[in-house]
Amino acid sequence: MKEYDYLIVGAGLFGAVFAHEATKLGKRCLVIDKRKHRGGNVYCEDVAGIHVHKYGAHIFHTDKKEIWDYVNQLVEFNRFTNSPLACYEGRLYNLPFNMNTFYQLWGVRTPAEAKAKIEEQRSCYQSVTEPANLEEQALKLCGKDIYRILIKGYTEKQWGRSATELPAFIIRRVPFRFVFDNNYFNDAYQGIPKGGYNVLIDKLLEGSDVRLETDYFENRSYWDEIAGKILFTGCIDEFYGFRCGSLEYRSLRFEQQLLEMEDFQGNAVVNYTEREIPYTRIIEHKHFEFGKQPVTVITYEYPDNFEPGKEPYYPVNDARNSQIYQDYQALAQKEQRVLFGGRLAQYTYADMDDTIEAALELCKHELK
Ligand code: FAD
């Protein structure tokens, strides 16, 4: 008889949901994480009473009622609605592309005028049948103004490459909204947990033992013996000693400032779409929770190349990496005692609602 039923490697959202469901069924869970805190990438640090999203802005949004009900059983959500702005050469534009944006770009006031303007802008590029790169694709989809002002520089900074060197498939479509509506998401439900994401994570981890600053790989043979089964939510290539190759990621670098002023930018998220400005956006955290503190905390977000020691943020889903991941997946399927889940073990980008859904799906099969 082992001390625990499950060792869960990673106290992020995936591991925490699994721990919650397993504990509810009387299973004994030990959750370990190499970081100093719980929550993985949704962790918030309290700075002057403001919940700072340490690993990038996190806005909960979903169209799945059952996932919305699931999180709302645990914590109340506020009414935050994501309405980011884009700043280009000192001028502000609303996102996503909607009637406000078209008015700011061209002075058009009605949907018919906006559609006609977009058609006029796109018409010059329709002779390109097979766009050879992202630039050609974006010009064909939206014409030169939107591409130049709102897409080109931002995308080039994100990927660290020129738009003419990026594959066309990165932009499949450019969604236009012909109403005056700045709500970024189309989903039925969105918000931020009242009190921040740590409240949600603490609720999920109630009843589990948690050990932080504990890296599974530093004492693997010990951890392998402590529980009947293991749920691993770390990087799958590391789990297998990189034997099929290293999976590539894009990383991010954050620069945080505490400012002695009430309000810096009047909005949670402002994107900077010029190539010459090295950061992609500035986050002002208090606006996620309608904070009234006398000070404010902002974070400059810089895209970064990934290398060992940096945080892996976005998977690079090209042919090479997809092949490597498939090779690891084949190894993972042979494991008897190890389950894999979460964004790092599945080498995927998943929003929080998808992460919760995937964890619940695993629970359905595993916890009978
Ligand atoms: P993680 O949160 O990464 O948790 C994995 C944990 O495993 C980490 O804590 C790590 O320290 C730990 N670990 C790894 N290896 C080991 C080891 N060897 N030993 C011990 N512990 C280990 N989703 C939304 O819905 N809305 C958003 O606005 C949003 N914004 C995002 C912004 C950014 C920049 C990024 C990258 C993601 C965003 N997401 C957003 C997605 C969201 O972050 C994920 O859905 C969620 O964090 C995934 O949880 P996870 O448990 O799979 O991974």
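Residues numbered from 1 in each chain as written. Predicted model: local features only at pLDDT ≥ 70, side-chain atom pairs only at ≥ 80, totals over all residues. Heavy atoms only, no water.

### Some thoughts on the site of the ligand
Then, number 1: Of all residues adjacent to the ligand, which total 32 residues, the nearest are Asp33, His58, Arg343, Ala350 and Met352.
Then, number 2: Contacts to the ligand include Tyr216, whose backbone N or O atom sits 3.1 Å from a nitrogen atom.
Then, number 3: Protein chains shield 97% of the accessible area of the ligand, which is 1000 Å² for the free molecule.
Then, number 4: Only α1 (13-24) and α11 (352-366) provide two or more residues apiece to the shell around the ligand.
Then, number 5: Partitioning the shell around the ligand into residue classes produces 16 nonpolar, 10 polar and 6 charged. (Near = heavy atom within 4 Å. Polar contact = N/O pair within 3.5 Å; in protein donor to acceptor, adjacent residues only side chain to side chain. Areas by Shrake-Rupley, 256 points an atom, 1.4 Å probe, with all protein chains shown as cover. Helix = DSSP H or I, 4+ residues; strand = E, 2+ residues; numbered from the N terminus. Nonpolar A, V, L, I, M, F, W, Y, C, P; charged D, E, K, R; others polar.)

### What about the sheet that holds strand β7 (residues 91-94)?
Then, number 1: Here we have 7 strands laid out as an open sheet, ordered β7-β6-β12-β13-β14-β11-β15, and mixed in their pairing. One side of each edge strand has no neighbouring strand; the edge strands of this open sheet are β7 and β15 (314-315).
Then, number 2: Relative to strand β14 (residues 296-305), strand β11 (residues 249-259) runs antiparallel, the two being bridged by 10 bridges. In the sheet register, Gln256 faces β14, and the bridge partner there is Thr299. (Pairing = 2+ DSSP bridges.)

### Regarding unusual backbone geometry
Then, number 1: The linkage connecting Leu95 with the following residue, Pro96, adopts the cis geometry, with an omega of -10°.
Then, number 2: Topologically, Pro96 is positioned in the loop between β7 and α3 (99-106).
Then, number 3: For Glu89, which is not a glycine, the phi torsion comes out positive at approximately 45°.
Then, number 4: Topologically, Glu89 is positioned in the loop between β6 (85-88) and β7.
Then, number 5: Accessibility expressed as a relative area gives 57% for Glu89, which makes it exposed. (Buried < 20%, exposed > 50% of the residue type's maximum accessible area, 1.4 Å probe, protein only.)

### Things to note about the packing of aromatic side chains
Then, number 1: Going through the model one piece at a time under the given rule, you end up with 31 aromatic pairs.
Then, number 2: Seen from their ring centres, Tyr184 and Phe185 are 5.4 Å apart, and the 85° between their planes marks the pair as edge-to-face.
Then, number 3: Taking relative accessible area as the criterion, Phe185 reaches 15% and is therefore assigned buried.
Then, number 4: Judged by centre distance (5.1 Å) and plane angle (85°), the rings of Phe239 and Phe340 are edge-to-face. With Phe239 in helix α9 (residues 236-239) and Phe340 in strand β16 (residues 338-340), this pair connects stretches of sequence that are 101 residues apart. (Phe/Tyr/Trp six-rings, centres within 6.5 Å; stacked < 30°, edge-to-face > 60°.)

### Structural notes on the pairing of β6
Then, number 1: The two faces of β6 match: Leu85 and Cys87 on one face and Ala86 and Tyr88 on the other face are all buried.
Then, number 2: Across 4 bridges, the pairing between β6 and β7 is antiparallel. Each bridged residue has a counterpart across the sheet, and for Leu85 the counterpart in β7 is Asn94.
Then, number 3: Counting the residues between successive antiparallel strands, the hairpin from β6 to β7 contains 2 residues, one of them, Glu89, with a positive phi of roughly 45°.
Then, number 4: Alignment of β6 against strand β12 (residues 269-272), held across 3 bridges, turns out to be parallel. By the bridge assignment for β12, Ala86 is matched with Asn271.

### What about the pattern of salt bridges?
Then, number 1: Taken as a whole and judged by the stated rule, the model has 24 salt bridges.
Then, number 2: With its nearest N and O atoms 3.7 Å apart, the salt bridge here joins Asp181 to Arg177. (Salt bridge = Lys/Arg side-chain N within 4 Å of Asp/Glu carboxyl O.)

### A word on the sheet that holds β16
Then, number 1: Ordered by their spatial adjacency, 5 strands build an open sheet running β9-β2-β1-β10-β16, and the pairing between neighbours is parallel. The sheet is open, and its two borders are formed by β9 (209-211) and β16, each paired with just one other strand. Between one strand axis and the next, the sheet turns by 20° as a mean value, whatever way the strands run.
Then, number 2: Judged from the 3 bridges that link them, strand β2 (residues 29-32) and β9 form a sheet pairing that is parallel. In the sheet register, Val31 faces β9, and the bridge partner there is Val210.
Then, number 3: The sheet strands contacting α1 are β1 (4-9), β2, β10 (227-232) and β16, and the helix crosses β1 at an angle near 165°. (Axes fitted to C-alpha atoms, helices over the stretch in contact; angles between N-to-C directions. Contact = heavy atoms within 4.5 Å.)

### Section: the environment of Trp106
Then, number 1: Along the chain, Trp106 turns up in helix α3.
Then, number 2: Sequence separation between Trp106 and Lys117 is 11 residues, and the spatial gap between their C-alpha atoms is 8.1 Å.
Then, number 3: When near neighbours in sequence (up to four residues on either side) are disregarded, Trp106 contacts Lys117, Ile118, Gln121, Asp145 and Ile146.

### Comments concerning the domain arrangement of the chain
Then, number 1: One can read the domain layout of the chain as domain 1 (4-38 + 205-248 + 316-366) and domain 2 (98-170).
Then, number 2: Computed over C-alpha atoms only, the centres of domain 1 and domain 2 are separated by 40 Å. (Domains from an automatic or database assignment.)

### Brief notes about helix α10 (residues 319-333)
Then, number 1: Under the 1.5 Å per step criterion, the end-to-end length of α10 is 21 Å for 15 residues, consistent within 8% with the ideal 21 Å.
Then, number 2: If you check which residues of α10 are buried, you get Asn321, Ile324, Tyr325, Tyr328 and Ala332. For α10, the arc enclosing every buried residue in end-on projection is 100°, short of the 170-degree limit, so these residues lie on one face. Among the exposed residues of α10, those oriented more than 90 degrees off its buried face are Ala319 and Gln333. (Expected span 1.5 Å × (residues − 1). Arc of directions from axis to C-beta.)

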